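# Geometric and topological summary
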Amino acid sequence: MKITSIGPIVVQELKDAPRATGKPFASPLAQELENYMKLTPAQRIREAVLKSLA
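Residues numbered from 1 in each chain as written. Predicted model: local features only at pLDDT ≥ 70, side-chain atom pairs only at ≥ 80, totals over all residues. Heavy atoms only, no water.

### Comments concerning the pattern of salt bridges
Any two side chains of opposite charge can pair, so long as their charged atoms come close to each other. Per the stated rule, a full pass over the model turns up two salt bridges. Two residues, Glu34 and Lys38, come together in a salt bridge whose shortest N-O distance is 3.6 Å. Here the residue Glu34 and the residue Lys38 both occupy positions in helix 2 (residues 28-38), the gap between them amounting to four residues, near one helical turn. For Lys51, the salt bridge goes to Glu47, with nearest N and O atoms at 3.7 Å. In this pair, Lys51 and Glu47 both sit in helix 3 (residues 41-53), four residues apart, roughly one turn of the helix. In this structure Lys51 comes out as exposed when scored by relative accessible area, which is 59%. (Salt bridge = Lys/Arg side-chain N within 4 Å of Asp/Glu carboxyl O. Helix = DSSP H or I, 4+ residues; strand = E, 2+ residues; numbered from the N terminus. Buried < 20%, exposed > 50% of the residue type's maximum accessible area, 1.4 Å probe, protein only.)

### What to know about the confidence of the model for the protein chain
Residue-level pLDDT values for the protein chain average 77, and 52% of them are 70 or greater. Averaged over each element, pLDDT in the protein chain is lowest for helix 1 (residues 7-21) (61) and highest for helix 3 (95). (pLDDT = per-residue confidence, 0-100.)

### Points about helix 3
In this model, helix 3 (13 residues) spans 19 Å end to end at C-alpha, consistent with the 18 Å of a helix rising 1.5 Å per residue. With zero of 13 residues buried, helix 3 lies mostly on the surface of the structure. (Expected span 1.5 Å × (residues − 1).)

Put into C-alpha cells, the structure is as follows:
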C-alpha cells in the first residue's frame, strides 16, 4: 500500500473545476490553496516562520 500526499490531487481538481463549469474559482480560499501548493518547501517554511513571528 502506497500513501501519497493529497495536495497535488486537490490542486489538480481545483484547476479542472473552472474548465468544467466555465467559471473562475468560486472562492478565494480555493485560489489561496492553489497558490500555497505552488510554493516550494523552502518558501512554505519561510512563510510559516514569518507568520509565527507576527
